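Fold and geometry: a report
Spelled out from the first residue to the last, the chains are:
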Amino acid sequence: MASAGLVKLNASSSQFIGQQSFNQRSHGSSSFPSRSVSFRRVAQPIRAGSYTDELVQTAKTIASPGRGILAIDESNATCGKRLASIGLDNTEPNRQAYRQLLLTTPGLGEYISGSILFEETLYQSTVDGKKFVDCLREAKIMPGIKVDKGLVPLPGSNNESWCQGLDGLASRCAEYYKQGARFAKWRTVVSIPCGPSALAVKEAAWGLARYAAISQDNGLVPIVEPEILLDGDHPIERTLEVAEQVWAEVFYYLAQNNVVFEGILLKPSMVTPGAEHKQKATPETIAKYTLTMLRRRVPPAVPGIMFLSGGQSEVEATLNLHEMNQSPNPWHVSFSYARALQNTVLKTWQGRPANVEAAQKALLIRAKANSLAQLGRYSAEGESEEAKKGMFVKGYTY
């Protein structure tokens, strides 16, 4: 009965029941289950096989007070762009050196509970031969793994994309678990300037739900990430509208796929105006709109909300997180940042061995700042000008 009630709540909370696109254009799709089925037929037992207890415990561990996620799962191509910004070639030894700097930072586990890795990194070791996975375990940081295969154009849409990677996912997840990974990440995107179309949102939600079910079946806690891109000049009210529609669709299909909500984590975008909107929103406004969306769409059974930074400056991302933790929430509200943790680190390092210690201290400063923000105790006093620079890139690829 509990699962039936949960499915009923998720379905009825949606203002979009597979009828029209969000810009009022009709799209049909026979690739997905119909949204018009009765609740009695939708309701099924929630299950995740033999890993359920472990999944719940892993999710709780990652969503622990004062800690968040360090995302270093950039593809080799994207990592190469980061290295190029400091004059380094995109070679495996250079990628290894940078990731070693990050993952061997002393004391990092005080502020970081999980780290999302690219496949190359999951199987890499330090120059001394110690597996990166073992470095993380010793620091009490859960190893995670990016499992999607990237974005490709979505035929029949408004110049939108879909995320590939379901083929062979079960066997890959099983291998990643053997290698030491305990959670997974799948990133798909929704573009407001492109509509978004009903087709694109449904594809994103269904893909995330299938990925989540497959991950749980193989022992990995899935991070569910439908990133609503910052691109556009729309107001914050439009972002809220689209975010509510997207998350309603996502939870509908998560329930249909029997995903255990207690064994997932979410990685949403904060609800902000488009990056090109003429008026910036304050942290207080962003917190208000973001928490409104979450309370309307996310069941309290979900243990953790781990925000992406999405091109905000390091300080913006931290201030906004701090503001969202000024009163109790039903879930652990924290961070899963890449650029907002790494930007100053990379510029401090400059690829020079003599700068490793200084770069690691820079990482600890940012990690501690976001830890304090998760606890609602952050102050921006004394932040550097570099940390205040925005990192938005139009059409950014990961």
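Residues numbered from 1 in each chain as written. Predicted model: local features only at pLDDT ≥ 70, side-chain atom pairs only at ≥ 80, totals over all residues. Heavy atoms only, no water.

- With an unreviewed UniProt entry as reference, the protein chain is termed Fructose-bisphosphate aldolase, source organism Macleaya cordata.
- Check the Sequence similarities (unreviewed entry) section of the UniProt entry for the protein chain; it says "Belongs to the class I fructose-bisphosphate aldolase family." (UniProt positions renumbered as here; feature names shortened; annotations may be inferred.)

**Description of helix α5 (residues 92-103)**
- A rise of 1.5 Å per residue sets the reference length of α5, with its twelve residues, at 16 Å; its end C-alpha atoms lie 16 Å apart and thus fit the reference within 8%.
- Turning to α5, its buried residues are Arg95, Gln96, Tyr98, Arg99, Gln100, Leu101, Leu102 and Leu103. (Helix = DSSP H or I, 4+ residues; strand = E, 2+ residues; numbered from the N terminus. Expected span 1.5 Å × (residues − 1). Buried < 20%, exposed > 50% of the residue type's maximum accessible area, 1.4 Å probe, protein only.)

**Some details on the sheet that holds strand β3 (residues 142-146)**
- One closed barrel holds the eight strands; their spatial order is β1-β2-β3-β6-β7-β8-β9-β10, and the pairing between them is parallel.
- Here β3 pairs with strand β6 (residues 183-190) via three bridges, running parallel. Looking at the pairing, Ile145 lines up with Ala184 of β6.
- Of the strands in this sheet, β1 (68-72), β2 (112-117) and β10 (332-337) are in contact with helix α14 (residues 356-374), which crosses β10 at around 155°. (Pairing = 2+ DSSP bridges. Contact = heavy atoms within 4.5 Å. Axes fitted to C-alpha atoms, helices over the stretch in contact; angles between N-to-C directions.)

**So, the packing of helix α13 (residues 339-349) against α14**
- Look at α13 against α14: their axes get within 8 Å of each other, and the N-to-C directions meet at 160°. Judged on the interaxial angle alone, α14 and α13 are roughly antiparallel. By crossing handedness, the relation of α13 to α14 is classed as right-handed. Contact with α13, carried on its side by Ala340, Leu341, Thr344, Val345, Thr348 and Trp349, involves Val356, Ala358, Ala359, Ala362, Leu363, Arg366, Ala367 and Asn370 of α14 and no other residues of that element.
- Per-class residue counts for the contact of α13 with α14 are ten nonpolar, three polar and one charged. (Parallel < 35°, antiparallel > 145°, perpendicular 65-115°, else oblique. Left-handed = near helix turned anticlockwise from the far one by under 90°. Nonpolar A, V, L, I, M, F, W, Y, C, P; charged D, E, K, R; others polar.)

**Some remarks on the packing of aromatic side chains**
- For the structure shown, the criterion picks out eight aromatic pairs.
- Residues Tyr98 and Trp349 carry aromatic rings whose centres are separated by 5.5 Å and whose planes lie at 20° to one another, so their mutual orientation is stacked. One end of the pair, Tyr98, is in helix α5; the other, Trp349, is in helix α13, with 251 residues separating them in the sequence. The same class applies to Tyr98 as to Trp349, namely buried.
- Seen from their ring centres, Phe335 and Tyr337 are 5.5 Å apart, and the 40° between their planes marks the pair as tilted.
- A connected cluster of aromatic rings, assembled from ring pairs, spans Trp206, Tyr252 and Tyr253.
- For the cation-ring pair, Arg182 lies above Tyr177, with the distance from its terminal atom to the ring centre recorded as 3.7 Å. (Phe/Tyr/Trp six-rings, centres within 6.5 Å; stacked < 30°, edge-to-face > 60°. Lys NZ or Arg CZ within 6 Å of the ring centre and 35° of its normal.)

**A look at the pattern of salt bridges**
- Counting across every chain of the model gives 15 salt bridges.
- Residue Arg95 pairs with Glu120 through a salt bridge whose shortest N-O separation is 2.8 Å. Separated by 25 residues along the polypeptide, Arg95 in helix α5 and Glu120 in helix α6 (residues 119-122) bring together distant segments of the chain.
- Taking the relative accessible area as the measure of exposure, Arg95 reaches 8% and is therefore buried.
- Relative accessible area serves as the criterion here: at 18%, Glu120 is assigned to the buried category. (Salt bridge = Lys/Arg side-chain N within 4 Å of Asp/Glu carboxyl O.)

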